Amino acid sequence: GHAMPKPEGAKVDHLKAAEVKQPKMVGDTLEVYINTVPEKMKYDLTEFKVKAGTKIKVIFNNPDFMEHNMIFVKPGSAAKVAMAAMRLGPEGIKKQWLPESDQIIAHSKMLSWKGKTTIEFTAPTKPGVYDYICTYPGHWQLMRGKMIVE
């Protein structure tokens, strides 16, 4: 007889935190669960869809030893916002690596290890791909995801 094929995803990554939870509507609000992936400089959920103008509640957890934040930005502005954060220099820590920018839609504070926070905002009314990034210097290229507004 043939060996049974292993189910998809049977390989266990010991660093993988909790299973990725899919966003779900709770009343009129889309609840989105995003965790950092320990030692990987990544968010576990790297894409979610939302209807324009919907209320969003992001539950953001940081099981990683490094500090991370999450900043939602307008389409195409991730690099610009990340560079502005980097230019804060020594001030960055005090300012939670949050630059002043009209490209930012919503943001969290910096979360240290095991930190947890909630970001509540309304999805933009304009459809498009809105990135969410960690603006801690050097993180944003890997540490990002897309909010697809439909």
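Structure: above.
Just so it is clear, the model here is predicted, and its values are computed rather than measured. In this convention, every chain numbers its residues from 1, walking through the sequence in written order. Restriction of local features to residues with pLDDT of at least 70 applies here, the model being predicted, together with a cutoff of 80 or more for giving and counting side-chain atom pairs; totals for whole chains, interfaces and linings are based on all residues. Hydrogens and waters are ignored; side-chain quantities use all the structure's heavy atoms.

Asker: Got a sec to walk through the overall build of the protein chain? Specific residues and values, please.
Answerer: Strands here mean DSSP runs of E at least two residues long; helices mean DSSP runs of H or I at least four residues long; both are numbered from the N terminus. Counting secondary structure elements, the protein chain contains two helices and 10 strands. Helices (α) and strands (β) of the protein chain occur, in sequence order from the N terminus, as β-β-β-β-β-β-α-α-β-β-β-β. Burial status across the protein chain gives 43% buried among its 150 residues. Contacts in the protein chain between residues at least 24 apart in sequence constitute 68% of all its contacts with a sequence separation of at least 6. When the accessible area of the protein chain is evaluated, it comes to approximately 8,900 Å², of which 56% is carbon and sulfur surface. Remark: exposure states derive from per-residue accessible area (1.4 Å probe, protein chains only) relative to the maximum for the residue type, with buried under 20%, exposed over 50%, and partly exposed in between. Note on contacts: a residue pair qualifies if any of its non-hydrogen atoms lie within 4.5 Å across the two residues. In short, Shrake-Rupley with a 1.4 Å probe defines the accessible areas, and a residue's cover is counted only from the protein chains shown.

Asker: Explain the packing of aromatic side chains to me, and be specific about the residues and the numbers.
Answerer: Between the rings of Phe, Tyr and Trp (Trp by its six-membered ring), a pair exists once the centres lie within 6.5 Å; its type follows the angle of the planes, with under 30 degrees stacked, over 60 edge-to-face, and the other angles tilted. Evaluated as defined, the whole model comprises eight aromatic pairs. Arranged with centres 6.0 Å apart and planes meeting at 75°, the rings of Tyr43 and Phe60 form a pair that is edge-to-face. Residue Tyr43 is found in strand 3 (residues 42-43), and its partner Phe60 is found in strand 5 (residues 55-62); the two are separated by 17 residues along the sequence. Side by side, Tyr43 and Phe60 carry an identical accessibility label, which is buried. Ring geometry for Phe72 and Tyr132: centres 5.1 Å apart, planes at 35°, overall tilted. You can see Phe72 sitting in strand 6 (residues 71-73) and its partner Tyr132 sitting in strand 9 (residues 128-133), a full 60 residues away along the chain. Residue classification places Tyr132 among the buried positions, given a relative accessible area of 0%. An aromatic cluster is defined as three or more aromatic residues linked by ring pairs; in this entry it consists of Tyr43, Phe48, Phe60, Phe72, Phe121 and Tyr132. The side chain of Lys21 reaches across the aromatic face of Tyr33, ending 4.1 Å from its centre. Only Lys NZ and Arg CZ are tested; either one counts as a charge over a ring when it is within 6 Å of the ring centre and within 35 degrees of the ring normal.

Asker: Outline the nonpolar core, listing residues and values.
Answerer: Counting residues in hydrophobic clusters, the biggest one holds 23 residues, and the most contacted among them are Ile34, Phe48, Ile56, Val58, Met70, Phe72 and Met147. Those elements that place two or more of their residues in this core are strand 2 (29-37), strand 4 (47-50), strand 5, strand 8 (115-122), strand 9 and strand 10 (144-149). Once residues lying within four places of it in the same chain are set aside, the contact partners of Met70 are Ile34, Tyr43, Val58, Phe60, Ala106, His107, Ser108, Ile119, Tyr132 and Ile133. Side-chain atoms within 4.5 Å are what join buried Ala, Val, Leu, Ile, Met, Phe, Trp, Tyr and Cys residues into a set we call a nonpolar core. Counting residues in hydrophobic clusters, the runner-up holds eight residues, among them Ile71, Val73, Val81 and Trp140.

Asker: Which residues make up the pairing of strand 4, and what values do they have?
Answerer: The alternating pattern of strand 4 places Phe48 and Val50 on a buried face and Glu47 and Lys49 on a face that is not buried. A pair of strands counts as paired when DSSP detects no fewer than two bridges linking them. Judged from the four bridges that link them, strand 4 and strand 10 form a sheet pairing that is parallel. Residue pairing across strands places Val50 opposite Val149, the latter belonging to strand 10.

Asker: For the pattern of salt bridges, give the residues involved together with the corresponding values.
Answerer: Two side chains bearing opposite charge may form a pair once their charged atoms approach each other closely. By definition, a salt bridge exists where a carboxyl oxygen of Asp or Glu is found within 4 Å of a side-chain nitrogen of Lys or Arg. Following the criterion strictly, the structure yields three salt bridges and no others. Close ionic contact of Lys55 with Asp28 constitutes a salt bridge, the shortest N to O distance being 3.0 Å. In this pair, Lys55 sits in strand 5 while Asp28 sits in the loop between strand 1 (24-26) and strand 2, placing the two residues 27 residues apart along the sequence. Put simply, Arg144 and Asp131 hold a salt bridge, and the shortest N to O gap is 3.7 Å. Linking Arg144 in strand 10 with Asp131 in strand 9, this pair joins segments that are 13 residues apart in sequence. Using a relative accessible area of 28% as the deciding quantity, one classes Arg144 as partly exposed. Residue Asp131 is classed as buried on the basis of its relative accessible area, which comes to 9%.

Asker: Mind laying out helix 1 (residues 78-86), listing which residues take part and the relevant values?
Answerer: Three or more residues of helix 1 are buried, namely Ala78, Val81, Ala82, Ala84 and Ala85. End-on, the buried residues of helix 1 take up no more than an arc of 160°, which puts them together on one face. Among the structural elements, strand 6, strand 7 (104-107), strand 9 and strand 10 are those in contact with the buried residues of helix 1. Summarising the geometry, the arc corresponds to the directions from the helix axis toward the C-beta atoms.

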